[in-house]
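# Architecture at a glance
Now for the letters of each chain:
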Amino acid sequence: MGVTTVTDVRPATSPVPSAPFAPGASASAPGGVLHTLFRTEQGGHEQVVLCQDRATGLKAVIALHSTALGPALGGTRFHAYASEEEALTDALNLSRGMSYKNALAGLDHGGGKAVIIGDPALIKTEELLLAYGRFVASLGGRYVTACDVGTYVADMDVVARTNKWTTGRSPENGGAGDSSVLTAYGVFQGMRASAQHLWGDPTLRGRKVGIAGVGKVGHHLVEHLLQDGAEVVITDVRAESVDRVRTSHPQVTAVADTAALIRTEGLDIYAPCALGGALNDETVPVLTAKVVCGAANNQLAHPGVEKDLSDRGILYAPDYVVNAGGVIQVADELHGFDFDRCKAKAAKIFDTTLSIFARAKEDGIPPAAAADRLAEARMAEGRRV
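Now for a description of the structure that goes with this document. (Residues numbered from 1 in each chain as written. Predicted model: local features only at pLDDT ≥ 70, side-chain atom pairs only at ≥ 80, totals over all residues. Heavy atoms only, no water.)

### Comments concerning the nonpolar core
Note the cut-off: To qualify as a nonpolar core, a set must consist of buried Ala, Val, Leu, Ile, Met, Phe, Trp, Tyr and Cys residues joined through side-chain atoms within 4.5 Å. When accessible area is computed with a 1.4 Å probe and restricted to protein chains, residues below 20% of their type maximum are described as buried, those above 50% as exposed, and intermediate ones as partly exposed. Numbering of helices and strands runs from the N terminus; a helix is a DSSP stretch of H or I covering at least four residues, while a strand is a stretch of E covering at least two. The contact definition used throughout considers only heavy atoms, calling two residues in contact when any of these lie within 4.5 Å.
Met191, Ile211, Leu221, Val222, Leu225 and Ile234 are the most contacted members of the largest nonpolar core, which totals 40 residues. Those elements that place two or more of their residues in this core are α6 (180–199), β8 (208–212), α7 (218–227), β9 (231–235), α8 (239–248), β11 (269–272), α12 (325–333) and α14 (349–363). The element best represented in this core is α6, accounting for 5 residues. Ignoring any residue separated from it by four or fewer positions in sequence, one finds Leu225 in contact with Phe188, Met191, Leu204, Val209, Ile211, Ala230 and Val232.

### Considerations on the packing of α6 against α14
Going by this rule: All axes are obtained by fitting lines to C-alpha atoms, using only the stretch in contact for helices, and the reported angles, taken between N-to-C directions, cover 0 to 180 degrees. Each angle receives one of four descriptions, namely roughly parallel if under 35 degrees, roughly antiparallel if over 145, roughly perpendicular if within 65 to 115, and oblique otherwise. Throughout, a crossing is termed right-handed when the near helix is turned clockwise from the far one, and left-handed when it is turned anticlockwise from it by less than a right angle. Think of it as three bins: nonpolar holds Ala, Val, Leu, Ile, Met, Phe, Trp, Tyr, Cys and Pro, charged holds Asp, Glu, Lys and Arg, and polar takes everything else, Gly as well.
As a packed pair, α6 and α14 sit with axes 8 Å apart at the nearest point and diverge in direction by 40°. Regarding the angle of α6 to α14, the classification is oblique. Like other packed secondary-structure pairs, α6 and α14 cross with a definite hand, here right-handed. Along its contact with α6, which presents Gly186, Gln189, Gly190, Arg192, Ala193, Ser194, Gln196 and His197, the element α14 presents Ile349, Phe350, Thr353, Leu354 and Phe357. Split by residue class, the contact of α6 with α14 holds 5 nonpolar, 7 polar and 1 charged.

### Some points on the packing of aromatic side chains
Test applied: Any Phe, Tyr or Trp ring, taking Trp's six-membered ring, that has another such ring centre within 6.5 Å forms a pair; planes under 30 degrees apart are called stacked, those over 60 apart edge-to-face, and the others tilted.
In total, this model carries 2 aromatic pairs according to the counting rule given. Arranged with centres 5.7 Å apart and planes meeting at 70°, the rings of Tyr100 and Tyr320 form a pair that is edge-to-face. Taken as a pair, Tyr100 in helix α2 (residues 84–104) and Tyr320 in helix α11 (residues 319–322) lie far apart in primary sequence, 220 residues in all. Judged by centre distance (6.4 Å) and plane angle (70°), the rings of Phe337 and Phe339 are edge-to-face.

### What about the side chain of Ser179?
If you trace the backbone, Ser179 turns up in the loop between α5 (153–159) and α6. Note on Ser179: relative accessible area 15%, which makes it buried.

### A word on the pairing of strand β5 (residues 76–79)
Going by this rule: Two strands are said to pair when DSSP picks up at least two bridges between them. If you view a crossover with the strands going away from you and the path from the first strand over the helix to the second runs clockwise, you call it right-handed.
The pairing of β5 with strand β6 (residues 110–117) spans 4 bridges and is parallel. Looking across to β6, one finds that Arg77 is bridged to Val115. A crossover links β5 with its parallel partner β6, the connecting element being α2, and its sense is right-handed.

### Some remarks on the side chain of Asn297
Note the threshold: The term polar contact refers here to a pair of N or O atoms within 3.5 Å; inside protein, the definition further demands a hydrogen-donor-capable atom paired with an acceptor-capable atom, and it admits residues adjacent in sequence only when both atoms are side-chain atoms.
Checked against the element boundaries, Asn297 lands in the loop between β12 (291–292) and α10 (305–311). Since its relative accessible area comes to 14%, Asn297 is described here as buried. At 3.2 Å, the side chain of Asn297 and the side chain of Lys101 are in polar contact. For Asn297, the residues in contact, after removing those within four places along its chain, are Arg77, Leu94, Lys101, Lys113, Asp148, Leu275, Gly276, Asp319 and Asn323.

### Digging into the pattern of salt bridges
We count it as follows: Definition used for salt bridges: Asp or Glu carboxyl oxygen within 4 Å of a side-chain nitrogen of Lys or Arg.
Counting across every chain of the model gives 18 salt bridges. Through salt bridges that share partners, Arg77, Asp90, Lys113 and Asp148 make up one connected network.

### A short note on the sheet that holds β9
Each strand in a sheet pairs with another by means of backbone hydrogen bonds, the pair being arranged parallel or else antiparallel. One open sheet accounts for 6 strands, arranged β10-β9-β8-β11-β12-β13; its pairing is parallel. In the strand order of this sheet, the two ends are held by β10 (253–254) and β13 (315–316), each with one partner. Against the sheet, α7 makes contact with β8, β9 and β11, and its axis sits at roughly 170° relative to β8, the strand it touches most.

### Thoughts on the pairing of strand β3 (residues 58–66)
Counting buried positions along β3 yields 8 of 9 residues, so the element is predominantly enclosed. As consecutive antiparallel partners, strand β2 (residues 47–53) and β3 are separated by 4 residues, and within that stretch Gly57 has a phi angle of approximately 85°, a positive value. The pairing of β3 with β6 spans 6 bridges and is antiparallel. The residue of β6 that forms the bridge with Ala60 is Ile116.

### Remarks on the packing of α6 against helix α13 (residues 339–347)
One way to put it is that α6 packs onto α13 with a least axis distance of 9 Å and a crossing angle of 30°. Relative to α13, α6 is oriented roughly parallel. As for how α6 packs across α13, the hand of that crossing is right-handed. Residues Val181, Leu182, Tyr185, Gly186 and Gln189 of α6 touch α13, and the partners they reach there are Phe339, Cys342, Lys343, Ala346 and Ala347. By residue class, the composition of the contact of α6 with α13 is 7 nonpolar, 2 polar and 1 charged.

### Focus: α6
Let me state the cut-off plainly: A helix's residues, less one, multiplied by 1.5 Å, set its expected span.
Counted at 1.5 Å a residue, the expected span for α6 with its 20 residues is 28 Å, and the 28 Å between its end C-alpha atoms agrees. In terms of burial, α6 is a largely internal element, 14 of the 20 residues being buried. Two residues or fewer after α6 comes Gly200, characterised by a positive phi angle close to 80°.

### Quick look at the environment of Cys293
Residue placement: Cys293 occurs in the loop between β12 and α10. By relative accessible area, which is 0% here, Cys293 ends up buried. In this structure the C-alpha to C-alpha distance between Cys293 and Val321, which are 28 residues apart in sequence, comes to 9.9 Å. In this structure, Cys293 is in contact with Val187, Gly190, Met191, Ser194, Ile269, Tyr270, Ala271, Pro272, Ala317 and Val322, ignoring residues within four places of it in sequence.

As structure tokens, then:
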């Protein structure tokens, strides 16, 4: 199966995964590999596993941020990263986000995430996915995987052949199917809560909503918004994704790119639904929207962006709160999937989002900080139990 290197902070006794850092610097110094992995300023990660299977070309990172509330649960991202360091950073950030997401979704799961390094269109094979499944299985249930960017239900069916801790499988194979359906539904509930908080009415009727990314989740979100009477503007780096939406819904407007979308006149809500880092020092100052509420993970490019949004009077619905519908669905699959039960749980994202806005107002802090406090309180309680 190749070589796996584990960093486990309880304490770590296995070899440390190799990664470049400044020549002559201590591995534990700021900027060194150990500092990156332990992330003490963010609570640290329990375990990070580097996976390599030479026969199939698999290179993957599995990051477990917390198991305080139960086995870590999070998807597998398959992406052509610019570097291995970028892949590691993404796994660390995404897994931490899953801890917070699962906590506020009321799930008895901690946070984990995996990334497979490479272009899925070029290197994804059945053999590679089977090898990846064996690595996940080697964790003995500490990590439960599912779909994410670059992986699909059919892929999880393959992974499940070598790993029983796999969700997001097809109904034919005992799974719940496409989790993007409830992810989009949850984001829609977050938008409704944002409208209720800001405008006193939960409807999106007459509101102009811009969606960046109309792939897995985004095209379902378009459906919800149109049914509620919203005006929808879209963009996507893939022309075929835009064409699919506009073929079904010619009333939807398309713009050239995200830069054009965020500057759209009269935009009420901006929904980042592609990759992370959409809210940064370049985009926040030019946003015309009054609300940001989207499906992408890790939308805030760095600490402090949430305050920049608040200072501009832009209401931010924390991404890991509103996009939790998918993880609610895959978690339910572990206990015998029931779609109506999952949809009812996802509908509660409306109430959770409103409670975060209320807490933020009460404490005089941005909604992102309020959400973090609530999630951390639940995780701390889990550790005591």
